[in-house]
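Structure at a glance
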Amino acid sequence: MARALITGITGQDGLYLSELLLSKGYEVFGLIRGQNNPKLDLVRATVPEVKLLTGDLTDLSSLLRAMESSQPDEVYNLGAISFVAYSWENAMLTTDVTGKGVLNILEAVRLYSHDDPHKVRFYQASSSEMFGKVQEVPQRESTLLWPRSPYGVAKVFGHYMTINYRESYGMHASSGILFNHESPRRGPEFVTRKISQAVSRIKLGLQDGITMGNLDAKRDWGFAGDYVEAMWLMLQQDTADDYVISTGVTHSIKELLDVAFAAVGIDDWAPYVTQDPRFMRPAEVELLIGDSTKARTTLGWEPKVAFTELVQMMVANDLVEQRAQAGR
Ligand code: GDR
């Protein structure tokens, strides 16, 4: 039975990846941070078969212990402080976790597999945020990175450190440059879920409107369930490499609002939406659109859920959730 260790088990990707690996017969271990982590119950309820280990990406000794207890064949580093807007307010913490945390886990994998650099296959969750002020459209693996946030800078560090460990130590370390990926499990601070929750509450008469930031930014949004499949495929290749994972289609926040409000029968969302500088960022990533040709040809991967279906899925889920909460 293959064994996998996942950091960031409490996030949407950690949960979807756990389900995928469990369905393939893996024994799955999840690294969980802190005392009384508020998401512990969610993980236990969603994927009860996952064995949880205590550890923190900023604490190398805890990562070494996690490696020893799980003896993994594959390590997926999904753990990060992942909310871009927050990273300006907590740049150093973001650097420690999202950046230096990658070095810590790479080092734990290297020390654990000192007798055979191929003993463990490693996946790093890199991000389209690394493209920032885009230098090429669409963005591909070779596009120059120009991050626009402390989060993006930290991800660039992790990305190159992964490549460096691959080149220096011959480790099977791959980096997935994943464009935005969403699901009903997405945290409510991210724009898709913020909108799907608000739209559902507006429809149910629980909320009057929604306050937004920049409505002109464009993102390449896919479904998280499709994207974790790409992570797994990367680690099944003979050679480690870097891959862009994206749909190749971009939409603005305004278009996101169009689809989300239309899903509850509201054609004109203008009366419900206001903007506030509070939700604007000091530097914005205006346009993301990924070219995932390499992943499609080499991994045989392709996204299955398109933008409209994704947004409708999220709104449908939130309508049920919000209705249930309101009834309580
Ligand atoms: P992003 O996701 O920063 O792309 O990073 P997010 O959903 O937070 O923002 C997307 C775009 O929406 C604009 N926006 C708003 N965003 C939020 N959160 N709230 C608002 O009210 C709002 N109004 C407009 C933003 O300015 C931005 O342009 C996500 C994260 O998951 C990262 O961890 C990951 O690496 C990348 O996707 C790929």
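All figures in this text were calculated on a predicted structure; none of them were measured in a lab. (Residues numbered from 1 in each chain as written. Predicted model: local features only at pLDDT ≥ 70, side-chain atom pairs only at ≥ 80, totals over all residues. Heavy atoms only, no water.)

We now examine the nonpolar core. Grouped together as the largest cluster of nonpolar side chains are 59 residues, with contacts concentrated most on Leu 17, Leu 21, Tyr 76, Tyr 123, Ile 195, Ile 245 and Phe 261. Those residues in contact with Ile 245 that sit more than four places away from it in its chain are Ile 177, Leu 178, Phe 179, Tyr 227, Ala 230, Met 234, Ser 292, Ala 295 and Trp 301. Grouped together as the second largest cluster of nonpolar side chains are 23 residues, Leu 57, Leu 63, Ala 66 and Ala 108 included. (Core = buried A, V, L, I, M, F, W, Y, C linked by side-chain atoms within 4.5 Å. Buried < 20%, exposed > 50% of the residue type's maximum accessible area, 1.4 Å probe, protein only. Contact = heavy atoms within 4.5 Å.)

Before going further, it helps to spend a moment on the domain arrangement of the protein chain. Domain assignment breaks the protein chain into domain 1 (3–181 + 232–245) and domain 2 (184–219 + 249–326). Between the C-alpha centres of domain 1 and domain 2 the distance comes to 25 Å. With 32 residues of domain 1 at the contact, the number on the domain 2 side is 22 residues. In this assembly, domain 1 packs against domain 2 so that about 2,600 Å² is buried in total across both faces, 61% of it on carbon and sulfur atoms. If you sort the residues of domain 1 by the area they bury against domain 2, Phe 83, Trp 88 and Arg 148 come out on top, with a joint share of 19%. Counting across the domain 1 and domain 2 interface gives 4 salt bridges. Here Arg 185 and Glu 19 are joined by a salt bridge, their closest N and O atoms 2.7 Å apart. Across the contact surface, domain 1 and domain 2 share 7 residue pairs in polar contact (both at pLDDT 80 or more). (Domains from an automatic or database assignment. Buried area = accessible area lost by both parts, 1.4 Å probe. Salt bridge = Lys/Arg side-chain N within 4 Å of Asp/Glu carboxyl O. Polar contact = N/O pair within 3.5 Å; in protein donor to acceptor, adjacent residues only side chain to side chain.)

The end-to-end C-alpha separation of helix 8 (residues 224–235) is 18 Å, in line with the 16 Å expected for 12 residues at 1.5 Å each. The buried count for helix 8 comes to 11 of 12 residues, which makes it a mostly enclosed element. Of all the positions in helix 8, only Ala 224, Gly 225, Asp 226, Tyr 227, Val 228, Ala 230, Met 231, Trp 232, Leu 233, Met 234 and Leu 235 are classed as buried. (Helix = DSSP H or I, 4+ residues; strand = E, 2+ residues; numbered from the N terminus. Expected span 1.5 Å × (residues − 1).)

Inspection of the region around the ligand gives 24 residues, with Ser 82, Ser 127, Tyr 151, Arg 281 and Glu 284 positioned closest. Residue Tyr 151 places a side-chain N or O atom 2.5 Å away from an oxygen atom belonging to the ligand. Across the complex, the protein chains shield 96% of the 710 Å² of accessible surface that the ligand would expose by itself. Considering only residue class, the shell around the ligand consists of 11 nonpolar, 6 polar and 7 charged. Structurally, the shell around the ligand is a two-domain feature, drawing no fewer than three residues from each of domain 1 (3–181 + 232–245) and domain 2 (184–219 + 249–326). (Near = heavy atom within 4 Å. Areas by Shrake-Rupley, 256 points an atom, 1.4 Å probe, with all protein chains shown as cover. Nonpolar A, V, L, I, M, F, W, Y, C, P; charged D, E, K, R; others polar.)

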